[in-house]
Amino acid sequence: VSDRQGIVWNFPAARKGRFEAECRVDGDGFRLALTDHWINPCDGTNPQMSPVAVDITADRIGGGRWHRLVCEWDEDRGAFTVSCGDFRFAGRLAALPKFGLSYAHLQTLSESCDPKGAYFRSLSMSAGTDPRETL
């Protein structure tokens, strides 16, 4: 399909939840997409098929350092937030999956080889949100 690389992680479906990852961007960056179905990690249509799709780049978060990436979503409110380093983004869910979000896609933004890449040390998900943080 393409040489674009990525990873996909399936977690229990949740209409309201929190996804976290430790990440570092040294190269072109990556796209975080959350959805309710499997999409091949190299599929370029991923952002158009996902309720949440946000680009994470070195200039947005501070490249070459480890950061905590957090995405919270609430389908009842139709909203999501993403934070990573100094980058903050609030958006509207592009679609409302019936049973909630259940897949995290982390896909390179590079159109070709990216020798510096992006790195991930951990992934976690929890249903609901931290009561200290709000959408």
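Cut-off values and rules
Residues numbered from 1 in each chain as written. Predicted model: local features only at pLDDT ≥ 70, side-chain atom pairs only at ≥ 80, totals over all residues. Heavy atoms only, no water. Helix = DSSP H or I, 4+ residues; strand = E, 2+ residues; numbered from the N terminus. Rg over C-alpha atoms; globule rule 2.2 N^0.38 Å. Buried < 20%, exposed > 50% of the residue type's maximum accessible area, 1.4 Å probe, protein only. Core = buried A, V, L, I, M, F, W, Y, C linked by side-chain atoms within 4.5 Å. pLDDT = per-residue confidence, 0-100. Contact = heavy atoms within 4.5 Å. Polar contact = N/O pair within 3.5 Å; in protein donor to acceptor, adjacent residues only side chain to side chain.

**Digging into the overall build of the chain**
The number of helices and strands found in the chain is one helix and nine strands. When the helices and strands of the chain are read in sequence order from the N terminus, they spell out β-β-β-β-α-β-β-β-β-β. For 135 residues, the compact-globule formula gives about 14 Å, and the C-alpha radius of gyration of the chain, at 14 Å, lands near that figure. If you line up the chain on its principal axes, its C-alpha atoms span 40 × 35 × 20 Å. Counting every position in the chain, which comprises 135 residues, the buried fraction comes to 48%.

**With respect to the nonpolar core**
Grouped together as the largest cluster of nonpolar side chains are 24 residues, with contacts concentrated most on Phe-19, Leu-32, Leu-34, Ile-56, Leu-69, Trp-73 and Val-82. Only strand 1 (6-14), strand 2 (16-25), strand 3 (30-35), strand 4 (52-56), strand 5 (67-74), strand 6 (79-84) and strand 8 (101-108) provide two or more residues apiece to this core. The dominant element in this core, judged by the number of residues it contributes, is strand 2, at four residues.

**Regarding the confidence of the model for the chain**
Across the chain, the average pLDDT comes to 90, with 93% of residues at or above 70. Across residues 131-135, confidence stays below pLDDT 50; counting only partners more than four residues off in sequence or on other chains, it has nine contacts.

**Quick notes on the environment of Arg-60**
The topology assignment puts Arg-60 in helix 1 (residues 58-61). The class for Arg-60 is partly exposed, based on a relative accessible area of 39%. Leaving out residues up to four positions away in the same chain, Arg-60 has contacts with Asp-55, Asp-86 and Phe-87. Of note is the side chain of Arg-60, whose polar atom sits 2.5 Å from the backbone oxygen of Asp-55.

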